[in-house]
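These are the residues of each chain, in order.
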Amino acid sequence: MSGKLYGIGVGPGDPELLTIKALRIVKESEIIAVPGENPKEAVAYKIVEGAWKEISEKTLVPIPMPMTKDPVILKQNHINGADKVEEYLKQGKDVAFLTLGDPTVYSTYMYVHKIIAERGYETQIVSGITSFCAVAARLNMDLAETSQLLHIIPATYNADNIEDVLALPGTKVLMKSGKKMGKVKEGILKSKNKSVMIENCGMADEKIYTKAEEIPENAGYYSLIIVKEDK
């Protein structure tokens, strides 16, 4: 009998936001797949470790996922990752694949998930708390109310038309600004909307910026901006 693949959302950074279900499945699974070259250095691994030290005793399988937008390289890495996971599924071992936030929101895991499912194996997604919900909670603010729209935007792919994005009605959540942070910041300042940003929400090196003017252009990868209409 083949094993089962679980996509485990570990939340945004705070180990206390790991769900009971996610932790149970991690404990029950024989194999823990972790994005990156070194599992114990991965943020997703450290989040779980913060809640359950014994994860270090599990069989940890690195799933390298280089940061690139090249579709050919990306596809091959997804296939390589799926091949690695399949090795253990064939042995009848369950695999828990750790992923930041929730697996269904801009997660590399989903590419591996789809390949494994297409190959006929059983799969299950375990929801995790999203970074944008965690950031809003951390700042004691809402994301949307009554009929207000909420837009979740991968900013690095939309930096060149950021002014159009910021003109959308409702609340804008800008994720993955990366190297385009300078252009994103410039667009926010021009829009004159209210904005806040948290870098590394829930982690030891968390930083909060309450105004667009304060946002550093060299902010880290785990930075999230919430833009609200100035009413």
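Residues numbered from 1 in each chain as written. Predicted model: local features only at pLDDT ≥ 70, side-chain atom pairs only at ≥ 80, totals over all residues. Heavy atoms only, no water.

Chemist: Can you help me understand the overall build of the chain in this one?
Modeler: Secondary structure summary: the chain contains 8 helices and 10 strands in total. What you see for the chain is a C-alpha radius of gyration of 19 Å, in line with the 17 Å of a compact globule of 231 residues. Taken along the three principal axes of its C-alpha coordinates, the chain extends 60 × 35 × 35 Å. Of the contacts formed within the chain by residues at least 6 apart in sequence, a portion of 68% connects residues at least 24 apart. Positive and negative side-chain charges in the chain, numbering 29 and 31 respectively, have mean positions lying 1 Å apart. (Helix = DSSP H or I, 4+ residues; strand = E, 2+ residues; numbered from the N terminus. Rg over C-alpha atoms; globule rule 2.2 N^0.38 Å. Contact = heavy atoms within 4.5 Å. Lys, Arg positive; Asp, Glu negative; His and termini not counted. Charge placed at Lys NZ, Arg CZ, Asp CG, Glu CD.)

Chemist: Is there a simple way to explain the nonpolar core in this structure?
Modeler: It is characteristic of soluble globular proteins that their nonpolar side chains tend to be buried jointly. In this structure, Ile 8, Val 10, Val 26, Ile 32, Val 48, Ile 55 and Leu 98 are the most contacted members of the largest nonpolar core, which totals 21 residues. Listing elements by their share of this core, those giving two or more residues are β1 (4-9), α1 (20-28), β2 (31-35), α2 (43-51) and β4 (95-99). In contact with Leu 98, not counting residues within four places along its chain, are Ile 8, Val 10, Val 26, Ile 32, Ala 33, Val 34, Pro 35, Ala 44, Tyr 45, Val 48 and Ile 55. The next biggest cluster of nonpolar side chains, apart from the first, holds 18 residues, and it includes Ile 63, Ala 82, Val 85 and Tyr 88. (Core = buried A, V, L, I, M, F, W, Y, C linked by side-chain atoms within 4.5 Å. Buried < 20%, exposed > 50% of the residue type's maximum accessible area, 1.4 Å probe, protein only.)

Chemist: Looking at this structure, how should I read the layout of surface pockets?
Modeler: If a probe as big as a water molecule is rolled over the atoms, it shows which places are left empty. Here the largest pocket is characterised by a volume of approximately 1,600 Å³. Lining the largest pocket are 49 residues; nearest its centre among them are Met 67, Tyr 106, Thr 108, Lys 176 and Tyr 221. Broken down by secondary-structure element, the contributors of at least two residues to the lining of the largest pocket are α2, α3 (71-90), β4, α4 (109-118), α5 (131-138), α6 (155-158) and β10 (223-228). Counting residues per element, the lining of the largest pocket draws most heavily on α4, which supplies 4 residues. (1 Å grid on protein atoms, 1.4 Å probe; cavity = no way out; pocket = protein on both sides within 12 Å on 5 of 7 lines; lining within 4 Å. Points joined across faces, edges and corners; volume = space filled by probe spheres on them.)

Chemist: Would you mind showing me how to read unusual backbone geometry here?
Modeler: For residues other than glycine, phi is negative in most cases, and the peptide bonds are mostly trans. The phi angle at Asn 140 is positive, at roughly 55 degrees, despite the residue not being glycine. Within the secondary structure, Asn 140 sits in the loop between α5 and β6 (150-154). Of the residues examined, Asn 140 reaches a relative accessible area of 73% and is grouped as exposed. In this model, Lys 176 sits at a positive phi of 55 degrees, which is unusual for a non-glycine residue. Within the secondary structure, Lys 176 sits in the loop between β7 (171-175) and α8 (181-191). Look at Lys 176 and you get partly exposed, because its relative accessible area is 22%.

Chemist: What's the story with the pattern of salt bridges in this structure? I'm lost.
Modeler: Opposite charge on two side chains permits pairing when their charged atoms draw close. Within the structure shown, the criterion is met by 10 salt bridges. With its nearest N and O atoms 3.0 Å apart, the salt bridge here joins Glu 28 to Arg 24. Placement of the pair is Glu 28 and Arg 24 together in helix α1, with a separation of 4 residues, close to one helical turn. Residue Glu 28 is classed as exposed on the basis of its relative accessible area of 53%. Take Arg 24: its relative accessible area is 39%, and that puts it in the partly exposed class. Of the charged contacts, one joins Arg 119 and Asp 83 as a salt bridge, the two residues approaching to 2.8 Å between their closest N and O atoms. With Arg 119 in the loop between α4 and β5 (122-126) and Asp 83 in helix α3, the pair connects residues that are 36 residues apart, well separated along the chain. You can call Arg 119 partly exposed: its relative accessible area is 32%. For Asp 83, a relative accessible area of 32% corresponds to the partly exposed category. Each member of the salt-bridge network shares a partner with another, and the members are Asp 83, Glu 86 and Arg 119. (Salt bridge = Lys/Arg side-chain N within 4 Å of Asp/Glu carboxyl O.)

From the geometry alone we can't say anything about function, so treat these as descriptive.
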